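# Reading the structure
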Amino acid sequence: TQLLEQSPQFLSIQEGENLTVYCNSSSVFSSLQWYRQEPGEGPVLLVTVVTGGEVKKLKRLTFQFGDARKDSSLHITAAQPGDTGLYLCAGAASGSRLTFGEGTQLTVNP
Amino acid sequence: KAGVTQTPRYLIKTRGQQVTLSCSPISGHRSVSWYQQTPGQGLQFLFEYFSETQRNKGNFPGRFSGRQFSNSRSEMNVSTLELGDSALYLCASSLVTGGSFMNTEAFFGQGTRLTVV
């Protein structure tokens with residue numbers, strides 16, 4: 001059974017701070033996707049990383065896929081209250097079936 | 001382009017009843033997957049359909065079933081509902097090109113919130 005461990009589970013920070021969320025596994029994934037989910041809504045895809053060592057940037061968000069394709073990180077620079085939400089990483093080993101991490105609940109206080 | 005549409009958004013059912021949830025994928029997407037999300041277990045994979053065939057199935061009891069129609073719309077059914085089936089049920093659609101399922105991206109609907117009382 002493939003598992004994805006996400007940390008931290010909860011994060012409460014002040015506006016303007018930086019933060020990093022980690023997603024780790026002992027399994028290799030062919031791709032890894034990051035989502036953000038708001039209460040009562042479905043997850044919204046932020047980015048997909050495919051190549052080991054790949055780094056993708058989306059405005060203030062930086063995503064990195066580990067060289068061995070077993071781990072990933074999400075770094076947010078100068079967090080804003082609008083960044084508040086549940087951040088989920090999801091790995092695909094083969095095909096389109098996704099294994100999700102437990103999620104990181106981020107709260108950015110004004 | 002319209003996103004993934006799930007109906008209904010909310011449902012309240014009684015233990016022992018059965019329920020059917022519907023999902024219309026993004027136009028052109030032929031792969032539909034279903035997930036269950038609960039506070040304790042997070043997002044758990046239920047099953048995936050492609051071209052009306054079940055490709056993959058998660059570790060859920062046989063009370064959970066699904067199907068896909070020729071227009072790629074999908075339904076999932078849960079029979080003999082239990083209190084523990086209360087959850088947000090999410091449908092995701094993926095564009096599969098050239099028959100390759102590698103590195104496909106999943107786009108989720110808003111979900112159906114099922115409450116079993």
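To start, this report covers the structure provided alongside it.

About the thresholds
- Along each chain, the written sequence defines residue order, and numbers are assigned to residues from 1.
- Throughout, the order in which chains and ligands are written sets their labels, letters from A for the former and numbers from 1 for the latter.
- The predicted nature of this model means local features are confined to residues of pLDDT at least 70 and side-chain atom pairs, given and counted, to a pLDDT of 80 or more, with totals for whole chains, interfaces and linings taken over all residues.
- Derived side-chain values reflect all non-hydrogen atoms in the structure, with water molecules and hydrogen atoms excluded from consideration.
- The helix and strand labels rest on DSSP assignments: H or I over at least four residues marks a helix, E over at least two residues marks a strand, and numbering proceeds from the N terminus.
- Relative accessibility under 20% of the residue-type maximum defines a buried residue, over 50% an exposed one, and the middle range a partly exposed one, all with a 1.4 Å probe and only protein chains included.
- By definition, residues are in contact when any of their heavy atoms lie within 4.5 Å.
- Accessible area that two parts lose when put together, evaluated with a 1.4 Å probe and summed over both, is termed the buried area.
- A carboxyl oxygen of Asp or Glu within 4 Å of a side-chain nitrogen of Lys or Arg is what we treat as a salt bridge.
- All residues other than Ala, Val, Leu, Ile, Met, Phe, Trp, Tyr, Cys, Pro, Asp, Glu, Lys and Arg, Gly among them, are scored as polar; the first ten of these are nonpolar and the last four charged.
- Within this scheme, the nonpolar core is defined by two criteria: the residues are buried Ala, Val, Leu, Ile, Met, Phe, Trp, Tyr or Cys, and they are joined through side-chain atoms within 4.5 Å.
- By convention, a stacked pair of Phe, Tyr or Trp rings (six-membered ring in the case of Trp) has centres within 6.5 Å and planes under 30 degrees apart, an edge-to-face pair has planes over 60 apart, and any other such pair is tilted.
- Cysteine sulfur atoms that come within 2.5 Å of each other are treated as a disulfide pair.
- Polar contact criterion, stated in full: a pair of N or O atoms within 3.5 Å, where within protein one must be able to donate a hydrogen and the other to accept it, and residues adjacent in sequence count only if both atoms are side-chain atoms.

Below, the discussion takes up the overall build of chain B. On a plain count of helices and strands, chain B comes out with zero helices and eleven strands. Across its three principal axes, chain B shows a C-alpha extent of roughly 45 × 30 × 25 Å. Counting only residues that meet the buried cut, chain B has 48% of its 117 residues in that class. Sequence separation of 24 or more characterises 55% of the internal contacts of chain B that already satisfy a separation of 6 or more.

Right, let's talk about the interface of chain B and chain A for a bit. Between chain B and chain A, the contact holds 23 residues from the first and 20 residues from the second. Surface buried jointly by chain B and chain A totals about 1800 Å² across both partners, of which 49% is contributed by carbon and sulfur atoms. In this assembly, chain B and chain A are joined by one salt bridge. Residue R9 of chain B is joined to E41 of chain A by a salt bridge in which the shortest nitrogen-to-oxygen separation is 4.0 Å. For the side of chain B that touches chain A, the secondary structure elements donating two or more residues are β4 (31-38), β5 (42-50), β6 (53-57), β9 (87-94) and β10 (107-108) of chain B. Classifying every residue of the side of chain B that touches chain A by side-chain character gives ten nonpolar, eight polar and five charged.

Of all hydrophobic cores here, the largest spans 21 residues; its most connected members are W34, L46, F64, M76 and Y89 of chain B. Broken down by secondary-structure element, the contributors of at least two residues to this core are β3 (19-24), β4, β5, β8 (74-78), β9 and β11 (112-116) of chain B.

Applying the stated rule across the entire model yields nine aromatic pairs over all chains. Between W34 of chain A and F63 of chain A, the ring centres sit 6.4 Å apart and the planes meet at 50°, which makes this aromatic pair tilted. Residue W34 of chain A is located in strand β4 (residues 31-37), and its partner F63 of chain A is located in strand β7 (residues 61-65); the two are separated by 29 residues in the primary sequence. The pair formed by W34 of chain A and F63 of chain A is uniform in burial state, with each residue classed as buried. Consider the rings of Y35 of chain A and F108 of chain B, whose centres lie 5.4 Å apart with planes at 85°: the pair is edge-to-face. Of the two residues, Y35 of chain A is situated in strand β4 and F108 of chain B in strand β10; the pairing between them involves two chains.

Attention now goes to unusual backbone geometry. In this structure, the amide linkage connecting S7 of chain A to the following residue, P8 of chain A, adopts the cis form with an omega of -5°. With respect to the secondary-structure elements, P8 of chain A resides in the loop between β1 (5-7) and β2 (10-14). Although it is not a glycine, S72 of chain B sits at a positive phi angle of roughly 75°. The residue S72 of chain B is located in the loop between β7 (64-68) and β8 in this model.

A word on the state of the cysteines. Residue and element names in this part refer to chain A. If you walk through the whole model with that rule in mind, you get two disulfides over all chains. Put simply, C23 and C89 are joined by a disulfide, and their sulfur atoms are 2.0 Å apart. The sign of the S-S torsion, about 80°, decides the handedness of the disulfide formed by C23 and C89: right-handed. Of the two residues, C23 sits in strand β3 (residues 19-24) while C89 sits in strand β9 (residues 85-92), which places them 66 residues apart along the sequence. Looking at C89, the relative accessible area reads 0%, which means it is buried.

What follows deals with the side chain of S72 of chain A. Residues and elements named next belong to chain A. In this fold, S72 is placed in strand β8 (residues 71-76). Only 2.9 Å separates the side chain of S72 from the side chain of W34, close enough to count as a polar contact. With residues up to four places along the chain from it excluded, the contact list for S72 reads V21, Y22, C23, L32, W34, Q64 and F65.

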